[in-house]
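Overview (structure and organization)
Residues per chain are reported as follows:
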Amino acid sequence: MQRVFSGIQPSGVPTLGNYLGAMRNWVALQADHECLYCVVDLHAITVWQDPATLRQQTREMAAAIIACGVDPERHIVFHQSAVSAHARLAWIFNCVARLGWLNRMTQFKDKAGKDREAASAGLYVYPNLMAADVLAYHATRVPVGDDQRQHLELANDIAQKFNHDYETTFFPVIEPLIIGEAARVMSLRDGTKKMSKSDPSDQSRINLTDETDVIASKIRRARTDAEPLPSEIAGLEGRAEARNLVGIYSALSGISQAEVLAEYGGQGFAGFKDALAALTVDKLAPIAAEMRRLLADPGHIDRVLFAGAARASAIADPIVAEAQALVGFLPRPQV
Ligand code: AQP
């Protein structure tokens, strides 16, 4: 059985983008993979987080993963900071990755914005930690949204360079799993920007915890253009907002974009938005209800995470110990 690793930052409430680009696929992969799903709090602090909020959001993210349908008994759900192998391997990768490679990462450019000098060093080396997250488990399959493709290519460059520099075949090749329609969900306010849980505008995204009337109002107010919906996919060219809403409808309903346009093409947005709002509420309301139920008992969530972290460490520790030995470190003392 192939091993899957994927992570999500507790940097806000998970969004429809996180759900369609990642979590929904995590659920599907459980049937025939060994899965590790990680709340990546080390990544989250690459941008400052209020400590109490970070604790709350870490539990919320774990609850969201379970509420979406991940089974933490059969698979592993844990928080990254509880497994030291991630940080130990990331340091080695900081020394393997080249500055030129990191300079090409578009996520750093997007997140650092205009004032790059003020961004944290952690944000810059974020892709090295992401490579360590996956390779500490020798995971070969990583389900992510399209936005993370570049980081996974970098992870493979790091693995290859490590193997070359230390004359080994120790690290395997990682395969990104970018599944289905709407692999990149865009902001409801700007169809050229991805939907993000940390976007300052709450109107730009659907949160998994949004009440049904909030979801409906956000979709009705989503930015669109003045033209009716086209009847064919080619007509979405240059219409980022329309393309995004059609993509979301298709992803949530499981019908192709062409079929969506066959039904709604030629109509204005109002009716389509009503249908999309109803569909979104239908899919997200049960997840929100289950999240609320789980969050009523934070002690239970902590126990799930601690048990997951112990199982994750049992896999990663020997792998990272071997990487350290390949580099030339003396063994760690047994405690
Ligand atoms: N808009 C999106 N469309 C599709 N997939 C998405 N993902 C995130 N946004 C979209 C996928 O969700 C997973 C977890 O992402 P993350 O939390 O580790 O970081 P991110 O990609 O930076 O997500 P956000 O929501 O934009 O977080 P912030 O606002 O903190 O930066 C990944 O698999 C990602 O592809």
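Placed above this text is the structure.
Structure report, in brief. (Residues numbered from 1 in each chain as written. Predicted model: local features only at pLDDT ≥ 70, side-chain atom pairs only at ≥ 80, totals over all residues. Heavy atoms only, no water.)

1. Description of the site of the ligand
- The immediate surroundings of the ligand are formed by 21 residues, with Ser 11, Lys 111, Ser 196, Lys 197 and Ser 198 found nearest.
- Contact between the ligand and Lys 111: an oxygen atom at 2.5 Å from a side-chain N or O atom of the residue.
- Note that an oxygen atom of the ligand is positioned 3.3 Å from one of the side-chain N or O atoms of Gln 148.
- When atoms are counted within 2 Å of each cavity's grid points, the one that captures over half of the ligand is the largest pocket.
- Sorting the residues of the shell around the ligand by element identifies strand 1 (3-8) and helix 1 (16-29) as the ones contributing at least two each.
- Ranked by residues supplied to the shell around the ligand, first place goes to helix 1 with four residues.
- Across the shell around the ligand, the residue classes break down as six nonpolar, ten polar and five charged. (Near = heavy atom within 4 Å. Polar contact = N/O pair within 3.5 Å; in protein donor to acceptor, adjacent residues only side chain to side chain. 1 Å grid on protein atoms, 1.4 Å probe; cavity = no way out; pocket = protein on both sides within 12 Å on 5 of 7 lines; lining within 4 Å. Sits in = over half its atoms within 2 Å of the grid points. Helix = DSSP H or I, 4+ residues; strand = E, 2+ residues; numbered from the N terminus. Nonpolar A, V, L, I, M, F, W, Y, C, P; charged D, E, K, R; others polar.)

2. What about the packing of aromatic side chains?
- Following the criterion strictly, the structure yields twelve aromatic pairs and no others.
- Consider the rings of Phe 93 and Phe 171, whose centres lie 5.5 Å apart with planes at 75 degrees: the pair is edge-to-face. On the criterion of sequence distance, the pair formed by Phe 93 in helix 4 (residues 85-96) and Phe 171 in the loop between helix 8 (149-165) and strand 5 (175-177) is long-range, its members being 78 residues apart.
- In this structure Phe 93 comes out as buried when scored by relative accessible area, which is 0%.
- Residue Phe 171 is classed as buried on the basis of its relative accessible area, which comes to 3%.
- With a centroid separation of 4.8 Å and an interplanar angle of 45 degrees, the aromatic rings of Phe 162 and Tyr 166 are classed as tilted.
- Relative accessible area serves as the criterion here: at 0%, Phe 162 is assigned to the buried category.
- Three or more aromatic residues joined by ring pairs form one cluster here, namely Phe 93, Phe 162, Tyr 166, Phe 170 and Phe 171. (Phe/Tyr/Trp six-rings, centres within 6.5 Å; stacked < 30°, edge-to-face > 60°. Buried < 20%, exposed > 50% of the residue type's maximum accessible area, 1.4 Å probe, protein only.)

3. Topic: the pattern of salt bridges
- In this structure the tally under the stated criterion is 15 salt bridges.
- Across the salt bridge formed by Lys 161 and Asp 165, the nearest N and O atoms sit 3.0 Å from each other. Taken as a pair, Lys 161 and Asp 165 lie in helix 8 at a separation of four residues, close to a single helical turn.
- Notably, a salt bridge pairs Arg 239 with Asp 225, separated by 2.7 Å at the nearest N-O pair. Of this pair, Arg 239 sits in the loop between helix 9 (212-220) and helix 10 (240-253) while Asp 225 is found in the loop between helix 9 and helix 10, placing the two residues 14 residues apart along the sequence.
- On the basis of relative accessible area, Arg 239 is assigned to the buried category, the value being 12%.
- Look at the salt bridges and you will find they share partners, linking Asp 202, Arg 205, Asp 210 and Lys 218 into a network. (Salt bridge = Lys/Arg side-chain N within 4 Å of Asp/Glu carboxyl O.)

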